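A look at the structure
As a plain string of letters, each chain reads:
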Amino acid sequence: MQELIQVFGRFHPLVLHAPIGMLAAMAIIEMLSLRRSDDSVRRAFSGLAWLTALAAIVAVVSGWLLAREGGYDQIIVDRHFNLGLATAVLSVLLAVASHFKAHASPRRGLLVLTLLVLVPTGHFGASMTHGEDFLFEPLARKDLHAPKPERQAAETPPPMRESPAAGVSTAKLTGSTVGAATGWQTDGADAFTRDIAPILNDLCIKCHSATKMKGGLALHTPDAIWLGGDSGTALEPGRPQDSEMLIRMRLPAAHKDHMPPKGKPQPTEAQVATIEAWIKAGAPMPDVGSTIAASSDAGSTATAESAPREALENKAAGISPEVAAKPSDPAKPAGPAPASAEAIAAIRAALAHVEPVSVDSTLLIVTFNAIAPTVDDATAAKLLAPIKNNLADLSLGRTKITDHTAELLASMPNLRRLDLRATPITPAGIEKLAKSESLEELVLAQTKLGDEVVPIIGGMTKLSHVYLWSAGVTPESITKLRADRPELEVDAGDRLVTQNLGAEEPLKFSSDAPLPGVSIAAPASLEPINKVCPVSGSPINPKYLVLYEGKVIGFCCPNCPKQFWADPEACLAALKAK
Amino acid sequence: MPFDPLEEHLLNLTRRRFFGKVGKTMSSALGAAALTSMLTKAAGASGDQPRLILPRGPHFAPKAKRVIYMHMEGAPSQLDLYDYKPTLRQRFNQDLPDSIRQGQRLTGMTSGQARFPVAPSIFRFSKYKNNEDGVWLSELLPHTASVAHEICFIHSMHTEAINHEPGITFFQTGTQQPGRPSFGSWVSYGLGSSNANLPDFVVLITQGIGNMQALSARFWGSGFLPSEHQGCRLRSGGEPVLYLKDPDGMKREDRRAMLDLVSKLNQTEFERTLDPEIQTRVAQAEMAYRMQMSVPELTDLASEDPETLDMYGPDVKKPGSFAANCLLARRLAERGVRFIQLYMRGWDQHGNLPAEIKAQTGAVDQPQAALIKDLRRRGLLDETLVVWAGEFGRTVYSQGTLTTETYGRDHHPRCFTIWLAGGGVKPGISYGKTDEYCYNILENPVDVHDLHATLLHLLGMNHEQLTHRHQGRDFRLTDVSGKLLKPIVL
């Protein structure tokens, strides 16, 4: 039943044209009847009027059902509905009025009124199906074809990036309300089919496909997407900010270039974020290269035919043509793959804190501040093992973790800073930790490590800063460590006092220092050297005197000395000239 | 995509309009179905899970993860503490030359004075080694001097305000008029929480010894930002947070049941109105519930060893003293609180300055130095930005009678000294220079927006990108100015 009602609703675009045509016919008949009025004309009019009323009512009901399906701008729907309803009511009145032989004027008046209401009704209806700018779009199109500066920018090779997939984790982490909700991931080859294609299907391809290629753009196949439209490429892999498609989706809804056009079904914020994450990750698509990682070694197997595609992939991965030609450098690994959304959600659910190192990084900072006293080896392993490749900065301070966790910590390839302050770690744990090849900063303050730990730390060559205050290490061992590893900063809480280089002389107060700009010798007399003010040129007032380099200078008022001090020499020169 | 408050807001508005229309013109069944699906996205919070305030994250890799901001309310005298002007000793009681004063604005308290006698500091300075050619500091600050190699002194700070209320408001919110979000609120808004059991922005207040000016709660208000970002004041006496303790006879399970019911009701109201303040309310009730456990742990000093307590000085056990608050600040920093705002009142020394400033520095010198040492040895200083600043400086001329024993100083916004330490600031340097009278800036002036821009930069945020749309335009902490002080950043 529900489905049948829906089908009936969808007849609205068909039914609505009947009353329009018949109203036009009635207008013609009415004009004919101005000249020659006979009963058959009036009867034809009356019959037509009742048919119009019926069709109008059917159109209103079906229209209301169609609107229930949603997807249209509510304001336009409301206007269209109210006007349509008015048209139907007027049509019924018109049909009734057509029976009064003697009175032509109410009928004519109603006919004109109905036609007048019909115009905006039709306009709002069409705005919904064709978009608001449909009518005047050809006039506005001129602006669209003006050259765009960002196109030129797109010609230059994209800058090198360490981690092509970096943006994805950002979408997940920093935009967590949307990113986490979409859970968009590059890992699956069918990520495009799963997440992107449905959005394009729902929102874009009604107007951008092989059958209806608005703006010369089709989005129904990956190849068509790469081709772009009249205003150039639709997307710049890896650079959402330069991708026309996303730029237009992000324009204010009222903007004439906003996509989808106002009145059409609009994407949710999450969908836009998914598109952005997808473009940022290089816009991988099934038959163009489903994973980004595959692109870096594509150079050697390239054929002439696949060259453009390969170029696109390289572009997606942020690899310039020159770099792609060389074998990839194994010494410089790219950033790790983004951490899974579930792992991050688990950390947050435990009330631990996780954030990306920066917006465009897949590396993570994790702290257990809130729950430190309850964290043991099992909790740490459960929460940290899934993200071990992403950890760059980890604070386990004040937790209960022991040497068991050290092995996991040593296996974290990107861990740069580790805080183990006030934990029960022992030298055996540090021994395991020493295998880490990435650790640069290590906080071991307030532990019970003792002198045993010093040779182990001495062997950690990558380490540049270690904190050993209150770690049971004797001052002699600290001194030895500093001597053995002069480049290693050893913070043991013992170098905290700044050296005093000496106090000033005992204080003596006097007022005999010369004023700035005044010679030591007192002036011979207080008689001013001038008769007229050097600033204004008016006669001087003996109340306003200034001492400058042993000379007494007079002024006309208390304001002029301010100008004098701004440039005394120029004023004096002016005085001499006078 | 970074969290965009504007889009979130517009999204809420559209939904509100949509549901409003649905209620009136369409069947309520459809409305209800759509509602459930949309709200799972909008609220993002499930029933019994504590709602986490989601971090927005830094724009680039930060140097500092948190801030301890020590505001010296009343404006300490830079002449008696940091800005060494030995030649003034030979200018005792001379008139301040017009060429120096240049007719600049004075407060009503001294503009009527017949003369402006130069008052050199009666405190002896010593030179301390730093990473440049040494820094001169007053005998009033022996402990602070002992960590001079960690400190970056800015001698060329200046501000626009000449009175306390607008002066503090300017430093705290980036504008002199009340109503904008506080610096701490911006940081909380920009970076989010890193400890779900404590507020992002905590305020600790110490009553001063001398003349005290009003301290309004709006200095740590969130202005137009959601109120979850406002500062939470921890009280010094009795209970640190009022009404946090359950009344006698109430079990924690009962409290949980009550909160669950209330948040269900709140959720219903949120679904009706989509007012973000309701979410804030729910979040704060949950926060308070967790703070019932975390705050007693935070303020319990039993785990502090005697050596550490000694370092902060004899007042450390006195609740609300600057020493106790510095220790608490370290404990908060250790627990990852983003913004710890300390206020020390009582620096407004218009008369009898030498005696009053001696008492004030006696209260702050040892604790603030201890805080730096304590942060350093625990490996926290490198990621904690410490700021020490008043709202303006004080005049070189004496307000009221000048003798070799005593003098007063009026407000002086044209130049004064503040200092920064840790958190990616170059240690052991001085920046900016004032003239011989410490009246005007000679080089590298720093205004309040520059300071804010630089502090945000150290926290990994671009001050031009940290915005919030309100009343139709994007607001920034730095309004329309602010430049990064590159020379003081590591």
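Residues numbered from 1 in each chain as written. Chains lettered and ligands numbered in written order. Predicted model: local features only at pLDDT ≥ 70, side-chain atom pairs only at ≥ 80, totals over all residues.

Let's shift gears to the overall build of chain A. On a plain count of helices and strands, chain A comes out with 24 helices and 10 strands. With 578 residues in all, chain A has 38% of them scored as buried. (Helix = DSSP H or I, 4+ residues; strand = E, 2+ residues; numbered from the N terminus. Buried ≥ 20, exposed ≤ 12 C-beta atoms within 10 Å, placed from the backbone.)

Let us now look at the overall build of chain B. When you go through chain B residue by residue, the secondary structure sums to 13 helices and 16 strands. When the 490 residues of chain B are sorted by exposure, 52% land in the buried category. Taking contacts inside chain B between residues at least 6 apart in sequence as the whole, the part at least 24 apart equals 77%. (Contact = placed C-beta atoms within 7 Å.)

In this section: unusual backbone geometry. The omega torsion of the bond from Met259 of chain A to Pro260 of chain A falls at -10 degrees, within 30 degrees of zero and hence cis. In this structure, Asp479 of chain B takes a positive phi of about 55 degrees despite not being glycine. Following the sequence through the fold, Asp479 of chain B ends up in the segment after strand 16 (473-476).

Another aspect to go through is the sheet that holds strand 3 (residues 135-138) of chain B. Spatial strand order, 8(A)-2(B)-3(B): 3 strands in an open sheet with antiparallel pairing. Two strands close off the open sheet at either side, each with one partner strand: strand 8 (500-503) of chain A together with strand 3 of chain B. Each adjacent strand pair in this sheet contributes to an overall mean axis angle of 30 degrees, direction not counted. (Pairing = 2+ DSSP bridges. Axes fitted to C-alpha atoms, helices over the stretch in contact; angles between N-to-C directions.)

In space, the 8 strands of this open sheet follow the order 6-5-7-1-8-11-4-12 (chain B), with mixed pairing throughout. Edge positions in the sheet fall to strand 6 (232-233) and strand 12 (429-431) of chain B, since each has one partner strand and no second.

We now examine helix 9 (residues 276-299) of chain B. All names here are of chain B. At Met291, helix 9 shows its strongest bend, of approximately 45 degrees. Those residues of helix 9 that fall on the buried side of the exposure criterion are Gln279, Val282, Met287, Met291, Val295 and Leu298. Buried residues along helix 9 sit in contact with helix 8 (252-273) and helix 11 (322-334). (Bend = angle between axes of the 7 residues up to and from the residue.)

Among the nonpolar cores identified, the biggest contains 120 residues, and Val67, Cys152, Ala329, Ile340, Val387 and Val396 of chain B are the most heavily contacted of them. Those residues in contact with Ala329 of chain B, other than ones at most four positions away along the chain, are Ile68, Leu204, Ile340, Leu342 and Leu371 of chain B. One finds Val366, Met412, Leu463 and Ala471 of chain A within the second-largest nonpolar core, a separate group that totals 57 residues. (Core = buried A, V, L, I, M, F, W, Y, C linked by C-beta atoms within 7 Å.)

The next point concerns helix 5 (residues 74-97) of chain A. All names here are of chain A. When the terminal C-alpha atoms of helix 5 are compared, their 34 Å separation across 24 residues agrees well with the 34 Å that a helix rising 1.5 Å per residue should span. All buried positions along helix 5 are accounted for by Val77, His80, Gly84, Thr87, Ala88, Leu90, Ser91, Leu94, Ala95 and Ala97. Structurally, helix 5 contributes buried residues whose contacts are with helix 3 (17-35), helix 4 (39-68) and helix 6 (105-130). (Expected span 1.5 Å × (residues − 1).)

A separate point is the packing of helix 3 of chain A against helix 4 of chain A. Residue and element names in this part refer to chain A. Between helix 3 and helix 4, the shortest axis-to-axis distance is 9 Å and the interhelical angle comes to 160 degrees. The angle between helix 3 and helix 4 places the two elements in the roughly antiparallel class. Every pair of crossing elements has a handedness; the one defined by helix 3 and helix 4 is left-handed. Residue-level contacts link Ala18, Pro19, Met22, Leu23, Ala25, Met26, Ile29, Glu30, Leu32 and Ser33 of helix 3 to Val41, Ala44, Phe45, Leu48, Ala49, Leu51, Thr52, Ala55, Ala56 and Ala59 of helix 4. Here the residues of the contact of helix 3 with helix 4 sort into 17 nonpolar, 2 polar and 1 charged. (Parallel < 35°, antiparallel > 145°, perpendicular 65-115°, else oblique. Left-handed = near helix turned anticlockwise from the far one by under 90°. Nonpolar A, V, L, I, M, F, W, Y, C, P; charged D, E, K, R; others polar.)

Residue and element names in this part refer to chain B. Look at helix 11 against helix 12 (residues 353-377): their axes get within 8 Å of each other, and the N-to-C directions meet at 20 degrees. Classed by the angle they form, the pair helix 11 and helix 12 counts as roughly parallel. In this structure, helix 11 crosses over helix 12, and the sense of that crossing is right-handed. Packed against helix 11, whose contacting residues are Phe322, Ala323, Cys326, Ala329, Arg330 and Ala333, the element helix 12 presents Ala363, Val364, Gln366, Pro367, Gln368, Ala370, Leu371, Asp374 and Leu375 at the interface. Considering only residue class, the contact of helix 11 with helix 12 consists of 11 nonpolar, 2 polar and 2 charged.

For the rest of this paragraph, the subject is the confidence of the model for chain A. Residue and element names in this part refer to chain A. Chain-level pLDDT for chain A is 77 on average; 80% of the residues reach the 70-or-more range. The low-confidence segment residues 143-183, where pLDDT is below 50, has 100 contacts with residues more than four positions distant or belonging to other chains. Within the model, the stretch residues 288-333 combines pLDDT values under 50 with 57 contacts to residues more than four positions away or in other chains. (pLDDT = per-residue confidence, 0-100.)

Predicted coordinates in regions of low pLDDT should not be interpreted in detail. All names here are of chain B. Taken residue by residue, chain B gives an average pLDDT of 87. The fraction at 70 or more is 88%. Every residue in residues 17-55 scores below 50 in pLDDT, and together they form 40 contacts with partners more than four places removed in sequence or on other chains. The complex model carries a pTM of 0.63, and its ipTM stands at 0.81.

Let us now look at the environment of Val295 of chain B. All names here are of chain B. Locating Val295 in the fold gives a position in helix 9. A sequence separation of 51 residues divides Val295 from Leu244, and the C-alpha atoms of the two residues are 9.2 Å apart. Beyond its immediate sequence surroundings of up to four residues, Val295 is in contact with Pro240, Val241 and Leu244.

This brings us to the pairing of strand 1 (residues 66-72) of chain B. Residues and elements named next belong to chain B. Along strand 1, 7 of the 7 residues are buried, which leaves the element largely enclosed by surrounding structure. Side chains Arg66, Ile68, Met70 and Met72 of strand 1 all project onto a buried face; the interleaved residues Val67, Tyr69 and His71 project onto the opposite face, where all are buried too. In the sheet, strand 1 pairs with strand 8 (residues 384-390) via 7 bridges, with the strands oriented parallel. The residue of strand 8 that forms the bridge with Met72 is Gly390.

Right, let's get into the pairing of strand 9 (residues 393-398) of chain B. Remark: a regular strand shows side chains that alternate across the two faces of the sheet. Residues and elements named next belong to chain B. Of all 6 residues in strand 9, 6 are buried, a share of seventy percent or more. Bridging between strand 9 and strand 10 (residues 409-412) involves 3 bridges; their strand directions are antiparallel. Its bridge partner lying in strand 10, Ser398 is registered against Arg409.

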